Amino acid sequence: MKKLSIIGMPMDLGQLRRGVDMGPSAIRYAEVVERLKTLFDEIEDLGDIPVGRPEVVIDRESKLRNLELVTEKNGKLAEEVDKVVQRGWFPLVLGGDHSIAIGTLAGVSKHYKNLGVIWYDAHGDLNTADTSPSGNIHGMPLAVSMGIGHKMLTELGGYCPKVSPENIVIIGARALDEGEKDLIKEKGIKVYTMHEIDRMGMAKVMEETIAYLKNRTDGVHLSLDLDGLDPQDAPGVGTPVFGGITYRESHLAMEMLAEANLITSAEFVEVNPILDERNKTAKVAVELMGSLFGEKLL
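Residues numbered from 1 in each chain as written. Predicted model: local features only at pLDDT ≥ 70, side-chain atom pairs only at ≥ 80, totals over all residues. Heavy atoms only, no water.

Draft legend 1. Quick peek at the pattern of salt bridges. Throughout the structure, instances matching the rule amount to 13 salt bridges. Arginine 28 serves as the salt-bridge partner of aspartate 45, at 2.7 Å between the closest nitrogen and oxygen. You can see aspartate 45 sitting in strand 2 (residues 42–48) and its partner arginine 28 sitting in helix 1 (residues 23–29), a full 17 residues away along the chain. Salt-bridge contacts for lysine 187 lead to glutamate 186; the nearest nitrogen and oxygen are separated by 3.8 Å. Lysine 187 sits in the partly exposed class, given a relative accessible area of 34%. Overlapping salt bridges bring together Arg28, Asp45 and Asp48 as one network. (Salt bridge = Lys/Arg side-chain N within 4 Å of Asp/Glu carboxyl O. Helix = DSSP H or I, 4+ residues; strand = E, 2+ residues; numbered from the N terminus. Buried < 20%, exposed > 50% of the residue type's maximum accessible area, 1.4 Å probe, protein only.)

Draft legend 2. Representation of the side chain of glutamate 180 within the structure. Take glutamate 180: it is sitting in helix 7 (residues 178–187). Summary of buried charges: glutamate 180 has no salt-bridge partner, and the nearest side chain of opposite charge, lysine 181, is 8.5 Å away. At a separation of 2.9 Å, a polar atom in the side chain of glutamate 180 contacts the main-chain amide nitrogen of aspartate 125. (Lys, Arg positive; Asp, Glu negative; His and termini not counted. Polar contact = N/O pair within 3.5 Å; in protein donor to acceptor, adjacent residues only side chain to side chain.)

Draft legend 3. Representation of the UniProt feature "binding site: Mn(2+)" (unreviewed entry) in the protein within the structure. With numbering aligned to this structure, UniProt lists the feature "binding site: Mn(2+)" (unreviewed entry) at His98, Asp121, His123, Asp125, Asp225 and Asp227. Spanning 130 residues, the annotated positions come together in the fold, the maximum distance between their C-alpha atoms being 12.2 Å. Residues from the annotated list that form part of the lining of the second largest pocket: His98, Asp121, His123, Asp125, Asp225 and Asp227. Note on histidine 98: relative accessible area 0%, which makes it buried. The residues touching histidine 98, leaving out its near neighbours within four places in the chain, are Trp119, Asp121, Asp125, His138, Pro141, Ser223, Asp225, Glu267, Val269 and Glu270. (UniProt positions renumbered as here; feature names shortened; annotations may be inferred. 1 Å grid on protein atoms, 1.4 Å probe; cavity = no way out; pocket = protein on both sides within 12 Å on 5 of 7 lines; lining within 4 Å. Contact = heavy atoms within 4.5 Å.)

Draft legend 4. Representation of the nonpolar core within the structure. Formed by 51 residues in total, the largest nonpolar core has its most connected members in Ile171, Leu222 and Phe268. Residue contributions to this core peak at 7 residues, all from helix 11 (residues 280–292). When residues no more than four places from it in sequence are discounted, the contact partners of leucine 222 are Ile118, Tyr120, Met254, Leu257, Ile263, Ser265, Ala266, Glu267, Phe268 and Leu292. Counting 45 residues, the second largest nonpolar core, distinct from the first, contains Leu77, Met140, Val144 and Ile189. (Core = buried A, V, L, I, M, F, W, Y, C linked by side-chain atoms within 4.5 Å.)

Draft legend 5. Summary view of the packing of helix 3 (residues 67–86) against helix 4 (residues 101–108). Two numbers describe how helix 3 lies on helix 4: the axes approach to 7 Å, and their chain directions differ by 35°. For the element pair helix 3 and helix 4, the recorded crossing hand is right-handed. Every residue of helix 4 that contacts helix 3 at Asn74, Leu77, Ala78, Val81, Asp82 and Val85 is listed here: Ile102, Gly103, Thr104, Ala106, Gly107 and Val108. Looking at the contact of helix 3 with helix 4, its residues break down into 7 nonpolar, 4 polar and 1 charged. (Axes fitted to C-alpha atoms, helices over the stretch in contact; angles between N-to-C directions. Left-handed = near helix turned anticlockwise from the far one by under 90°. Nonpolar A, V, L, I, M, F, W, Y, C, P; charged D, E, K, R; others polar.)

Draft legend 6. Quick peek at the sheet that holds strand 5 (residues 168–173). Spatially, the 8 strands line up as an open sheet ordered 2-1-3-8-7-4-5-6, and their pairing is parallel. Two strands lie at the open edges of the sheet, namely strand 2 and strand 6 (190–193), each paired on one side alone. Neighbour-to-neighbour, the strand axes of this sheet turn through a mean angle of 15°, independent of strand direction. Pairing geometry for strand 4 (residues 115–120) and strand 7 (residues 219–225), over 6 bridges, is parallel. In the sheet register, tyrosine 120 faces strand 7, and the bridge partner there is leucine 224. Running over the sheet, helix 4 touches strand 3 (90–95), strand 4, strand 7 and strand 8 (263–269) and is turned about 160° from strand 4. (Pairing = 2+ DSSP bridges.)

Draft legend 7. Structural detail: empty space enclosed by the protein. Going through the model one piece at a time under the given rule, you end up with 1 cavity of 30 Å³ or more. Along its surface, the largest cavity is lined by Leu64, Asn127, Thr128, Ala129, Met140, Val144, Ile148, Gly149, His150 and Leu153. Considered class by class, the residues forming the lining of the largest cavity number 6 nonpolar, 4 polar and no charged. (Points joined across faces, edges and corners; volume = space filled by probe spheres on them.)

Draft legend 8. Representation of helix 7. Glu180, Leu183 and Ile184 are the residues of helix 7 that are buried. When helix 7 is viewed along its axis, its buried side chains cluster within an angular range of 100° and face the same direction. Exposed residues pointing more than 90 degrees away from the buried face of helix 7 are listed as Glu178, Lys185 and Glu186. Next to the buried residues of helix 7 lie helix 5 (141–145) and strand 6. Directly after helix 7, the chain includes glycine 188, whose backbone phi takes a positive value near 70°. (Arc of directions from axis to C-beta.)

Below, the structure is given as structure tokens:
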């Protein structure tokens, strides 16, 4: 029995630009439930984790923006995701900025001995308080999930780390800070930048990714940031970077993951309807979810 549980996480506390808190609503407006219900035996929408409209607070010691709030709200998300996985349902989280991955992974990882992560993103999200140019936590969730960063974040859920560097594959990177590049080299994280995608083609990149993770993991989480796609295809994101993955390449990637039956949890993040064109980015997110969950052209 294939059962899907949708959780909205309308959080924009991990960065400065407002609007991404409306991402879950935009994705629902793009008819995510209607699109996916034929692909599952059962589907439920658990609504949104309450986030509210808190004031921006910069932590005096670490200089991180909204540290306590991001920790608290991600803790609530982790609890909900944990319950979904315990029931044997597939958790699909709708964001929200990418700092929500801290909560998603805290809720998922405890159920696996060797969780794998596909980080589909223009950015590495491997910053720490020391390397971040901005203090924005949405640039840190992958580092945090590896156990690198502020203790409040890394120890969310009462355990650390959530994922090992050798179980991570980053796809679509094209905007990496110097500290992130150093960490990638130090930890030996597998990264397919746009250079590799252009040179090898998406099919080869996904074949290698699937083979790499299949042999070493007992579950794989997909964390898909819509800014991984080129802004022409996904304009409604907070940190667009030109020269990204195309719409069709992204569909191929999702279709290949569906064929491999690899993904055990997923989140789609950084949809910002304020910056979008007629909800185009949310619609793209829903279409990619269709491919990820087995929708076929024929």
